[in-house]
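Each chain, written out:
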Amino acid sequence: EKGTYPHFMLKEIDEQPIVMRKIINEYQNENNELKLDTDIRSAMKAADRIYIIAAGTSYHAGLVGKEFLEKLAKIPVEVHVASEFSYNMPLLSENPLFVFISQSGETADSRSVLVKIKEMGYPALTITNVPGSTLSREADYTLNLYAGPEIAVASTKAYTAQIAVLAILAVDTANAKGIELDFDPMQELAIVANAMEVLTDQKEELEQLARDYFSTTRNAFFIGRSGDYNVSLEAALKLKEISYIQAEGFAGGELKHGTIALIEEGTPVIALATQKNVNYSIRGNVQEVVARGAKAMVISLKGLEEDDDAFVLPHVHELLTPLVSVIPMQLLAYYAALHRGCDVDKPRNLAKSVTVE
Ligand code: M6R
């Protein structure tokens, strides 16, 4: 039930710190050690390449997961849109492990891939919010998201839960492979949970930004580099699916290869600046669009902020920034949809779980 909330989406956005803490509790034992099924650990260790298969927001979480698995656990990862993989399979490695990411566990596009790769005899792990769902039952292993029911069509808490579970999976695999990490993942996730709480308390500020940037616009661009690029794709999906504003996420450096032609006087460009090594470059991209009339909104991370930034995120571990930078994106989309009189929880033409191919 929604309780006092006007929409499930807003309730689910607010639940994210609680979900983070639940995941921390569920995935560690009494000695604060990671607790993962040993069969999953063995399957991860045996894989020479991971193929992540998902759709929509879950695909976007997969892109973030690739960073964790490659950077922490040193396993090559490919992330594929399920509906594409199904009919245009890439050349596979010798010992692949398939990881299906799905909030509902019922997405037909993903299931079609699962059926095919099982026929080929490959192992599969499903990361889902619904253990017992089709994708969970038909895979060899399951990791639970513990996000609780997600009712709004626009996925919010499932995305952050997926990212947190992927981080835990990557760290567990790194441990199993004897790779030393210089941070305590659970402690960093606890810091993220607190940061999320700070952000969900900043609704008034974000509502105002949504009013200023999205009340009447026809389109909007989200830009980022590296980890921020992954989040800009999710930010654009969130905005378009519930507010019907045409929105696109772009890699900052790619703008000049075509998209910058779309920038007009007043076009909203939301730039994420949470990554130290590309901070200088993304700010250069902001100047490029501002010079062509864009109305820029820079959302940066504490420690990297500059005077004119519209919003500054609390500092968290650099790899985990998607977990916090997505929160203002979700809230901006929510308020944009609200101000434009859209049906926030049930956007047109969409269903919560897409059970047709
Ligand atoms: O249940 P799944 O995670 O497999 O669903 C995948 C997509 O249909 C889903 O993420 C969709 O993109 C959401 N409406 C996005 O908010």
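Residues numbered from 1 in each chain as written. Predicted model: local features only at pLDDT ≥ 70, side-chain atom pairs only at ≥ 80, totals over all residues. Heavy atoms only, no water.

Under an unreviewed UniProt entry, the chain has the name Glutamine--fructose-6-phosphate aminotransferase [isomerizing] and belongs to Oceanobacillus longus. On record in UniProt, under Catalytic activity (unreviewed entry), the comment for the chain is "D-fructose 6-phosphate + L-glutamine = D-glucosamine 6-phosphate + L-glutamate". Its UniProt record, at the heading Function (unreviewed entry), says of the chain: "Catalyzes the first step in hexosamine metabolism, converting fructose-6P into glucosamine-6P using glutamine as a nitrogen source." (UniProt positions renumbered as here; feature names shortened; annotations may be inferred.)

J.: Please explain the site of the ligand as it appears in this structure.
T.: With respect to spatial proximity, 13 residues lie near the ligand, and among them Ser58, Ser102, Ser104, Thr107 and Glu241 are the closest. Between an oxygen atom of the ligand and a side-chain N or O atom of serine 58, the distance comes to 2.5 Å. Valine 153 places a polar main-chain atom, nitrogen or oxygen, 3.0 Å from a nitrogen atom of the ligand. Burial of the ligand by the protein amounts to 91% of the accessible area it has alone, namely 410 Å². (Near = heavy atom within 4 Å. Polar contact = N/O pair within 3.5 Å; in protein donor to acceptor, adjacent residues only side chain to side chain. Areas by Shrake-Rupley, 256 points an atom, 1.4 Å probe, with all protein chains shown as cover.)

J.: What is the right way to look at the sheet that holds strand β1 (residues 49-54) in this model?
T.: Strands pair in a sheet through their backbones, by hydrogen bonds, and they do so in one of two ways: parallel or antiparallel. Spatial strand order, β2-β1-β3-β4-β5: five strands in an open sheet with parallel pairing. Both outer strands of the open sheet, β2 (77-81) and β5 (141-144), are each paired with one neighbouring strand and no more. When the angles between neighbouring strand axes are averaged without regard to direction, this sheet yields 20°. Relative to β2, β1 runs parallel, the two sharing five bridges. Across the sheet, the residue bridging to isoleucine 53 is histidine 80, located in β2. (Pairing = 2+ DSSP bridges. Helix = DSSP H or I, 4+ residues; strand = E, 2+ residues; numbered from the N terminus. Axes fitted to C-alpha atoms, helices over the stretch in contact; angles between N-to-C directions.)

J.: Whenever I open this one, the environment of alanine 271 confuses me. Can you help?
T.: Residue position: alanine 271 is located in strand β8 (residues 268-273). Along the backbone, alanine 271 and valine 286 are 15 residues apart, and their C-alpha atoms lie at a distance of 7.1 Å. When residues no more than four places from it in sequence are discounted, the contact partners of alanine 271 are Ile223, Val286, Met297, Val298 and Ile299. (Contact = heavy atoms within 4.5 Å.)

J.: So what exactly am I meant to see when it comes to the nonpolar core here?
T.: Note that soluble globular proteins tend to have their nonpolar side chains buried in a common cluster. Within the largest apolar cluster, 99 residues are counted, with the highest numbers of intra-cluster contacts made by Phe68 and Phe214. What phenylalanine 68 contacts, discounting residues up to four positions off in sequence, is Ala73, Ile163, Leu166, Ala167, Ala170, Leu319 and Leu320. Phe221, Ile260, Val286 and Ala294 belong to the second-largest nonpolar core, a separate cluster that totals 14 residues. (Core = buried A, V, L, I, M, F, W, Y, C linked by side-chain atoms within 4.5 Å. Buried < 20%, exposed > 50% of the residue type's maximum accessible area, 1.4 Å probe, protein only.)

J.: Teacher, can you tell me more about the sheet that holds β8 here?
T.: Spatial strand order, β7-β6-β8-β9-β10: five strands in an open sheet with parallel pairing. Looking along the sheet, the strands with just one partner apiece sit at the ends: β7 (246-251) and β10 (311-313). Within this sheet the neighbouring strands show an average axis-to-axis angle of 20°, counted without direction. The sheet contact formed by strand β6 (residues 219-224) and β7 spans six bridges and is parallel. When the sheet's bridge partners are listed, asparagine 219 is paired in β7 with glutamine 246. On top of the sheet, helix α12 (residues 279-291) reaches β6, β8 and β9 (295-301); it is set at about 170° to β8, its chief contact. Across the sheet, helix α13 (residues 321-339) touches β6, β8, β9 and β10, and the angle it forms with β9 is around 145°.

J.: Hey, could you run me through helix α2 (residues 16-26) in this one?
T.: Side chains that are three or four residues apart share a direction in an α-helix, a result of its 3.6 residues per turn. Of all the residues in α2, the buried ones are Gln16, Pro17, Val19, Met20, Ile23 and Ile24. Down the axis of α2, the smallest arc covering the buried residues is 160°, so these residues share one side. Exposed residues lying more than 90 degrees from the buried face of α2 are Ile18 and Asn25. Buried residues in α2 make contact with α1 (8-14), α8 (157-176), α9 (185-200) and α13. (Arc of directions from axis to C-beta.)

J.: In this structure, what is going on with the packing of helix α4 (residues 56-71) against α8? I would like to understand it.
T.: The relative placement of two packed helices comes down to the angle between their axes together with the axis-to-axis distance. Viewed as axis vectors pointing N to C, α4 and α8 meet at an angle of 25°, and their least axial separation amounts to 9 Å. Judged by the inter-axis angle, α4 sits roughly parallel to α8. In the crossing of α4 with α8, the sense of the turn from one axis to the other is right-handed. Contacts between α4 and α8 involve Thr57, Ser58, His60, Ala61, Gly62, Val64, Gly65, Phe68 and Leu69 from the former and Tyr159, Gln162, Ile163, Leu166, Ala167 and Ala170 from the latter. (Parallel < 35°, antiparallel > 145°, perpendicular 65-115°, else oblique. Left-handed = near helix turned anticlockwise from the far one by under 90°.)

J.: In this structure, what is going on with the pairing of strand β3 (residues 96-102)? I would like to understand it.
T.: Along a regular strand, successive side chains alternate from one face of the sheet to the other. Buried residues dominate β3, accounting for seven of its seven residues. Residues Pro96, Phe98, Phe100 and Ser102 of β3 are buried on one face, and the alternating residues Leu97, Val99 and Ile101, pointing to the opposite face, are buried as well. In this structure, β1 lies alongside β3, joined through five bridges in parallel fashion. Bridging from a neighbouring strand, tyrosine 51 pairs with phenylalanine 98 of β3. In terms of strand pairing, β3 meets strand β4 (residues 124-128) through five bridges, oriented parallel. Residue pairing across strands places valine 99 opposite leucine 125, the latter belonging to β4. For the crossover that starts at β3, traverses helix α6 (residues 108-119) and ends in the parallel β4, the hand is right-handed. (Right-handed = clockwise from strand over helix to strand, strands pointing away.)

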